[in-house]
Structure formats: C-alpha cells, structure tokens
Amino acid sequence: QQQVKQSPQSLIVQKGGISIINCAYENTAFDYFPWYQQFPGKGPALLIAIRPDVSEKKEGRFTISFNKSAKQFSLHIMDSQPGDSATYFCAARRTGFQKLVFGTGTRLLVSP
Amino acid sequence: GAGVSQSPSNKVTEKGKDVELRCDPISGHTALYWYRQSLGQGLEFLIYFQGNSAPDKSGLPSDRFSAERTGGSVSTLTIQRTQQEDSAVYLCASSLGPGDTEAFFGQGTRLTVV
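Quantities reported herein were computed from a predicted structural model and do not represent experimental measurements. (Residues numbered from 1 in each chain as written. Chains lettered and ligands numbered in written order. Predicted model: local features only at pLDDT ≥ 70, side-chain atom pairs only at ≥ 80, totals over all residues. Heavy atoms only, no water.)

## Focus: the overall build of chain B
Put simply, the test is: Helical segments are the DSSP runs of H or I of at least four residues, strand segments are the runs of E of at least two, and each set is numbered from the N terminus. C-alpha atoms define the radius of gyration in this analysis, and the globule rule sets the expected value at 2.2 Å times the number of residues to the power 0.38. Three labels apply to residues, based on accessible area from a 1.4 Å probe with only protein chains included: buried if under 20% of the type maximum, exposed if over 50%, partly exposed otherwise in between. Per-residue and other accessible areas follow the Shrake-Rupley method at a 1.4 Å probe size, with only the shown protein chains counted as cover for residues. Only four residue types enter the tally: Lys and Arg on the positive side, Asp and Glu on the negative side; His and the chain ends are excluded. In this description, the location of a charge corresponds to atom NZ of lysine, CZ of arginine, CG of aspartate or CD of glutamate.
Tallying secondary structure elements over chain B gives zero helices and 11 strands in all. Each helix (α) and strand (β) of chain B, taken in turn from the N terminus, gives the series β-β-β-β-β-β-β-β-β-β-β. Against the globule reference of 13 Å for 114 residues, chain B gives a C-alpha radius of gyration of 13 Å, in line with a compact fold. Taken along the three principal axes of its C-alpha coordinates, chain B extends 35 × 25 × 25 Å. The buried share of chain B, reckoned over its 114 residues, is 46%. If you sum the accessible surface of chain B, you get close to 5,200 Å²; carbon and sulfur atoms cover 46% of it. Within chain B, the 12 negative side-chain charges are centred at a point lying 5 Å from the centre of the 10 positive side-chain charges.

Structure representation (structure tokens):
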C-alpha cells in the first residue's frame, strides 16, 4: 500500500513531441503528489506538485493530470526539448507523515 | 549555505569498515531527511529529523545504520560494518519545517563498498 508504481522505465521522444509518464498508487491516504527531475550527478529537484482536490495543474510546459478515482497521476511535458533529458520520479506523501514514497523513475531522452 | 551540501561526494570503502556521511542542510531548515538511491531504483526513505530528534526512523534497513543531528543543523549518517549491498547514492534533503511541502535535495554521496 506504500508503493507508487511508475511507467515507463525509459522513454525516447523527438524534440517538440509530448512526453508522458504515468504513476499509480494504492494508498488513498496520500495527499500530496510531486514530480522530481534529476540530472546525472545531481540530486532530484522539485518540478511540479499537485494535491487531490484538483484534476490538473500546469506550469509552463509541464502538466500534472490527476485521476483520484483511478488513483493515477501523470506528467506531461509539452514541446519536449533536449534539455529535458533527465530521470523523472513521481512521489506521494501521506497525511501526517513527512516522508515521500517514490516511484522507480523514468529515464527520458529527447532526441534533437 | 545556498543549498544542501553533502560530503564526501564519493566514498569507496572496504567491506566491514564503518563510514560516515555528512549533510549540511539549508540554513533555517528544521526538517532533514535521508534517502538512499540504488542503481535503477527510486529513492528509498531512511530517516526524518525535526530539529535534533528523529520522529521517523522507519526506513533504516538494519541496526548497522544510524544517524544523528546536532544543533538542529548538520546531520551524520553512519553505516557500520559496511556490506556490498550498502553501495548506493545517499541523498540528504531539507525543508523549512514539518508540513512544508518542498524538500531540497543535495547532490548525494556515492558509496561503493568493495
């Protein structure tokens, strides 16, 4: 119940295309769903986050879509750029707890 | 400091030796977290500090792992009698306080046990 399942494991997208990464969870007590971006040799950095009271959040080219009934959320990267090539992690946090539960990551490669 | 600082960046140690990993959180951040990232895996929670106390140690994998935080600032993660399966990147993060949503991560310490 503490797991967050992430797919795909890796993704190749052409420049200008849309990158889509999906996550699913079981624990309905999760109330905060962030996405992190990690470049090689660096720590993860918060990209965008959503709470269950909204179905979508957009920040620039990055959008989170959230489906509470299906217990799924996804990251969409519009107009993907080579500079977006990184590993992306979804995560979830449970009410009253501080720790984040992470997905296993998606390695995105945006080809020029 | 400007960000979360971890040292050393890389550590190679022999099996059975003890290692200490250090984390300097962002100044003023009262919450501090340790995570472990194994090759091809997501981040695994180890321990959470609020101030100098650790209300959640649930992720420490064995009694060979311990952590402390002093002065509400610097934290040290100690692994005793290291094993090859301890090889991973150990990441530290800090946030302003409990309930604050954004955690800022350091660059990690890559530990290799040979």
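On we go.
## Examining the overall build of chain A
In plain terms, the rule: Residue contacts are defined here by distance: any two heavy atoms, one from each residue, within 4.5 Å place the two residues in contact.
When you go through chain A residue by residue, the secondary structure sums to zero helices and 11 strands. Counting from the amino terminus, chain A carries its helices and strands in the arrangement β-β-β-β-β-β-β-β-β-β-β. On C-alpha atoms alone, chain A measures out to a radius of gyration of 13 Å, which is about the 13 Å that the 2.2 N^0.38 rule sets for 112 residues. By its C-alpha atoms, chain A is 40 × 30 × 20 Å across when sized along the principal axes. Evaluated residue by residue, chain A yields a buried proportion of 46% over its 112 residues. Across chain A, the fraction of contacts at a sequence separation of at least 24, relative to all contacts at a separation of at least 6, is 54%.

## Observations regarding empty space enclosed by the protein
One water molecule sets the probe size; rolling that probe over the atoms shows where empty space is left. Inclusion rule: Buriedness of a pocket was judged along seven lines, with at least five required to meet protein on both sides within 12 Å; pockets are open sets of points on a 1 Å grid over the protein atoms alone, cavities are sets where a 1.4 Å probe fits but cannot get out, and lining residues have an atom within 4 Å of a point. Grid points are joined across faces, edges and corners, and a volume is the space filled by probe spheres set on the points. In this classification, Asp, Glu, Lys and Arg are treated as charged, Ala, Val, Leu, Ile, Met, Phe, Trp, Tyr, Cys and Pro as nonpolar, and every other residue, Gly included, as polar.
What the rule picks out here adds up to one cavity of 30 Å³ or more. Within this model, the largest cavity holds a volume of roughly 40 Å³. Together, Arg93, Gln98 and Leu100 of chain A together with Tyr33, Tyr35, Thr101 and Ala103 of chain B line the largest cavity. Residue classes in the lining of the largest cavity are distributed as four nonpolar, two polar and one charged.

## Overview of the state of the cysteines
Worth spelling out the cut-off: Cysteine sulfurs are considered disulfide-paired once they come within 2.5 Å of each other.
The full count for this structure, using the stated rule, is two disulfides over all chains. Residue Cys23 of chain A pairs covalently with Cys90 of chain A via a disulfide, S to S 1.9 Å. Between Cys23 of chain A and Cys90 of chain A, the S-S torsion sits near -95°, and that sign places the bridge as left-handed. In this pair, Cys23 of chain A sits in strand 3 (residues 19–25) while Cys90 of chain A sits in strand 9 (residues 86–94), placing the two residues 67 residues apart along the sequence. Per residue, the accessibility class of Cys23 of chain A equals that of Cys90 of chain A, and both read buried. With its sulfur 1.9 Å from that of its partner, Cys23 of chain B forms a disulfide with Cys92 of chain B. On the sign convention where negative is left-handed, the bridge of Cys23 of chain B and Cys92 of chain B, at about -65° about the S-S bond, is left-handed.

## Considerations on the interface of chain A and chain B
Interfaces are frequently sized by the accessible area removed from exposure as the parts join. Rule in force here: Two parts placed together each lose some accessible area under a 1.4 Å probe, and adding up what both lose gives the buried area. Put simply, a salt bridge is a Lys or Arg side-chain nitrogen that is within 4 Å of an Asp or Glu carboxyl oxygen. Think of a polar contact as two N or O atoms within 3.5 Å of one another; within protein, one of them needs to be a possible hydrogen donor and the other a possible acceptor, and neighboring residues in sequence only count if both atoms come from side chains.
Contacts between the two partners involve 18 residues from chain A, matched on the other side by 21 residues from chain B. Here chain A and chain B share an interface that buries about 1,500 Å² over both sides, 54% of which is from carbon and sulfur atoms. Considering only the side of chain A, the residues that lose the most area to chain B are Gln98, Lys99 and Phe102 of chain A, jointly responsible for 35% of the buried surface there. Taken together, chain A and chain B are joined by zero salt bridges. Summed over the shared surface of chain A and chain B, the number is three residue pairs in polar contact (both at pLDDT 80 or more). For the side of chain A that touches chain B, the elements supplying multiple residues, two or more each, are strand 4 (30–38), strand 9 and strand 10 (100–102) of chain A. With three residues, the single largest contributor to the side of chain A that touches chain B is strand 4 of chain A. For the side of chain A that touches chain B, the residue count by class is eight nonpolar, six polar and four charged.

## Examining the environment of Ser55 of chain A
All names here are of chain A. Assignment of secondary structure puts Ser55 in the loop between strand 5 (45–50) and strand 6 (56–59). Among the residues examined, Ser55 registers a relative accessible area of 52% and is labelled exposed. Distance from Ser55 to Ser65, taken between C-alpha atoms, is 5.8 Å for residues 10 residues apart in sequence. Discounting residues that sit within four places of it in the chain, Ser55 has contacts with Ile50, Ile64, Ser65 and Phe66.

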